[in-house]
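What follows is the residue order along each chain.
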Amino acid sequence: MSQLGRRRFLIYSGATLGASVLLKACGETPTETGTPTESAPATESTPAASSGETIKVGLLHSLSGTMAISETTVVDAEELAIEEINAKGGILGKQIEIVKEDGASDWPTFAEKATKLIDQDKVAVVFGCWTSASRKAVLPVFESKNHMLWYPVQYEGQECSKNIFYTGAAPNQQIEPAVQWLLDNKGKKFFLVGSDYVFPRTANTIIKEQLKALGRETVGEDYLPLGNTEVTPIITKIKAALPDGGVIFNSLNGDSNVAFFKQLQGAGLNPDKYPSMSVSIAEEEVRQIGKEFLIGHYAAWNYFQTVETPENKTWVEAFKAKYGADRVTNDPMEAAYIMVYLWKQAVEKAGTTELEAVRAAALGQEFAAPEGPVKMSVNHHISKTVRIGQVRDDGLFDIVFSTPGPVDPIPWNQYVPDTKGYACDWSDPAKGGKYKV
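Model, not experiment: these values are computed from the prediction.

Analysis parameters
Residues numbered from 1 in each chain as written. Predicted model: local features only at pLDDT ≥ 70, side-chain atom pairs only at ≥ 80, totals over all residues. Heavy atoms only, no water. Helix = DSSP H or I, 4+ residues; strand = E, 2+ residues; numbered from the N terminus. Buried < 20%, exposed > 50% of the residue type's maximum accessible area, 1.4 Å probe, protein only. Contact = heavy atoms within 4.5 Å. Areas by Shrake-Rupley, 256 points an atom, 1.4 Å probe, with all protein chains shown as cover. Pairing = 2+ DSSP bridges. Axes fitted to C-alpha atoms, helices over the stretch in contact; angles between N-to-C directions. Polar contact = N/O pair within 3.5 Å; in protein donor to acceptor, adjacent residues only side chain to side chain. Disulfide = S-S within 2.5 Å. Parallel < 35°, antiparallel > 145°, perpendicular 65-115°, else oblique. Left-handed = near helix turned anticlockwise from the far one by under 90°. Nonpolar A, V, L, I, M, F, W, Y, C, P; charged D, E, K, R; others polar. Right-handed = clockwise from strand over helix to strand, strands pointing away. Phe/Tyr/Trp six-rings, centres within 6.5 Å; stacked < 30°, edge-to-face > 60°. Lys NZ or Arg CZ within 6 Å of the ring centre and 35° of its normal.

**Describing the overall build of the protein**
Here's step 1: Helix and strand counts for the protein stand at 12 helices and 18 strands.
Here's step 2: Looking at the protein as a whole, 60% of its 437 residues qualify as buried.
Here's step 3: Contacts spanning at least 24 positions in sequence make up 68% of the contacts within the protein whose residues lie at least 6 apart.
Here's step 4: When the accessible surface of the protein is split by element, carbon and sulfur atoms take 51% of a total near 15700 Å².

**Observations regarding the sheet that holds strand β3 (residues 54-61)**
Here's step 1: If you trace the five strands from one edge of the open sheet to the other, you get β4-β3-β5-β6-β7, paired in parallel fashion. Among the strands making up the open sheet, the edge pair consists of β4 (95-102) and β7 (164-166). Going across the sheet, the axis of each strand differs from the next one's by a mean of 25 degrees, ignoring polarity.
Here's step 2: Bridge analysis of β3 against β4 gives eight bridges, and the strand direction is parallel. Across the sheet, L60 pairs through a bridge with E101, a residue of β4.

**Observations concerning the environment of N146**
Here's step 1: Tracing the backbone shows N146 in the loop between α4 (132-144) and β6 (149-151).
Here's step 2: At 3.0 Å, the side chain of N146 and the side chain of E356 are in polar contact.
Here's step 3: Of note is the side chain of N146, whose polar atom sits 3.2 Å from the side chain of R359.

**Comments concerning the state of the cysteines**
Here's step 1: A full pass over the atoms with the stated rule returns one disulfide.
Here's step 2: Between the sulfur of C160 and that of C424 lies a disulfide, 1.9 Å long from S to S. Measuring handedness by torsion sign, the sulfur bridge of C160 and C424 sits at about -70 degrees and is left-handed. With C160 in the loop between β6 and β7 and C424 in strand β17 (residues 422-425), this residue pair connects regions lying 264 residues apart in the sequence.

**Overview of the packing of helix α7 (residues 232-241) against helix α8 (residues 256-266)**
Here's step 1: Packing of α7 against α8 brings their axes to within 10 Å, and their N-to-C directions diverge by 45 degrees. As far as their axial angle goes, α8 and α7 are oblique. Along this stretch, α7 crosses α8, giving a crossing that reads as right-handed. Of α8, the residues touching α7 (which contributes T232, I234, I235 and I238) are F260, Q263 and L264.
Here's step 2: Classifying every residue of the contact of α7 with α8 gives five nonpolar, two polar and no charged.

**What about unusual backbone geometry?**
Here's step 1: Located in the positive-phi region is A104, a residue other than glycine, with phi close to 60 degrees.
Here's step 2: The phi angle at N146 is positive, at roughly 50 degrees, despite the residue not being glycine.
Here's step 3: In this structure N146 comes out as buried when scored by relative accessible area, which is 6%.

**A short note on the pairing of strand β8 (residues 190-195)**
Here's step 1: Of all six residues in β8, six are buried; the element is thus mostly enclosed.
Here's step 2: Here β8 shows a buried face lined by F190, L192 and G194 and a second buried face lined by F191, V193 and S195.
Here's step 3: Here six bridges tie β8 to strand β9 (residues 218-224), and the two strands are oriented parallel to one another. By the bridge assignment for β9, F190 is matched with T218.
Here's step 4: What joins β8 to β9 is helix α6 (residues 198-213), and the crossover it makes is right-handed.

**Let's talk about the side chain of S70**
Here's step 1: Relative to the elements of secondary structure, S70 occurs in helix α2 (residues 68-87).
Here's step 2: Here S70 falls in the buried class, since its relative accessible area comes to 2%.
Here's step 3: Among the polar contacts made by the side chain of S70, one reaches the side chain of E285 at a distance of 2.6 Å.
Here's step 4: Discounting residues that sit within four places of it in the chain, S70 has contacts with W130 and E285.

**Quick look at the packing of aromatic side chains**
Here's step 1: Within this structure, the stated rule accounts for 15 aromatic pairs.
Here's step 2: Between F127 and W343, the aromatic rings sit 5.7 Å apart at their centres with planes inclined by 85 degrees, giving edge-to-face as the arrangement. Linking F127 in strand β5 (residues 126-128) with W343 in helix α11 (residues 331-350), this pair joins segments that are 216 residues apart in sequence. Side by side, F127 and W343 carry an identical accessibility label, which is buried.
Here's step 3: A ring pair is formed by W181 and Y298, whose centres lie 5.1 Å apart and whose planes are at 55 degrees; its orientation type is tilted. You can see W181 sitting in helix α5 (residues 175-185) and its partner Y298 sitting in strand β12 (residues 298-301), a full 117 residues away along the chain.
Here's step 4: Take W181: its relative accessible area is 10%, and that puts it in the buried class.
Here's step 5: Ring-pair connections join several aromatic residues into one group, and the members of that group are Y303, W315, F319, Y323, Y337, Y341 and F367.
Here's step 6: Against the face of W412 rests K434, its NZ or CZ located 4.7 Å from the ring centre.

**Structural notes on the packing of α5 against α6**
Here's step 1: With their axes 10 Å apart at the nearest point, α5 and α6 run at an angle of 50 degrees to one another. The pairing of α5 with α6 is recorded here as oblique in orientation. Crossing handedness for the pair α5 and α6: right-handed. Within the contact between the two elements, α5 uses I175, E176, V179, Q180 and L183 and α6 uses F199, A203, I206, I207, Q210 and L211.
Here's step 2: Looking at the contact of α5 with α6, its residues break down into eight nonpolar, two polar and one charged.

Spelled out as structure tokens, the structure:
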């Protein structure tokens, strides 16, 4: 990233100054204590594109830059869903028209492109973002214009916006169960590694609070600027903090992971003594990093390509038929694929693309997803099955743990003191984005 890009990035990531900083954007502005302050009320909804022969939708992801390694595949999944829907007659008798924009792994660019999609292209909805930094950058745009973003990636929680529907995991559907599984099966000493922005820092705050509640603690914590590949100092710190082995909890994003896992192996920190648990590495990243550097390590997700459901078999076959037999599917791609269908169902229930009607109709929507059944909660997150996988010789994952069924989402973390006891309910105006249970 350019120096200018880094400075702009730091502006958007600045709210993560301390480990206790909790970022939230439910029509509110986050503060350093995690206590929200009132923001200006949203304007009336920007009219959605409902006239003409098509319904316009925006796809807003990084097609270039450090995050392109992950985000381009999400676009593939969204386009497949739209192609399938159009082949079956579209929505409300109209075809879906895609307007695609490149966020370029630059958070101000995401905000600019979101504004363009809403004001100029008049899209009915935006499917977009990957990093929490990009989501935080566009959130004021969607809230000020009272528009709608569907966000497909697991994240750190501590947010519950009226204007966003989240189809990736909340922390209680990924991070927390991964920590518990590691404690039960792999070790009691944790070293936390992450990219230096919103998601890893807030995720690690949650992990530290969870470990403290369970009578455990971290032995080290370090971060890399997004896109940085200078991982040798982190490897050195891990060896010093865990001389006899231990758990590495990894929330690096983008191509920093390539350097990290190559040097981890090169330093002899193999998964038998130094198992890593990643929450941003899935099948596509394994393919691009090189499976030989990841075999034996772990990842926590809600979906793996190896999930055995009829819906997954159909989806994987359709994906490979469109994009090639060598391609793989992964969790963010699956969450992106199903969010298009959940939005479609909400539009059909509402009988219109009018934003308020679709927002109300989305609550309670169910879908037979490749990962298993999902349901949209009143907190704009979906129920999801939790799974932990271990990288195997072919670059896919053996599923070593799975919850018996879907786990209900909890956006406001119940380990972190500032948000313990809070919930979100957009079906009740008296409760809204954050209320005390």
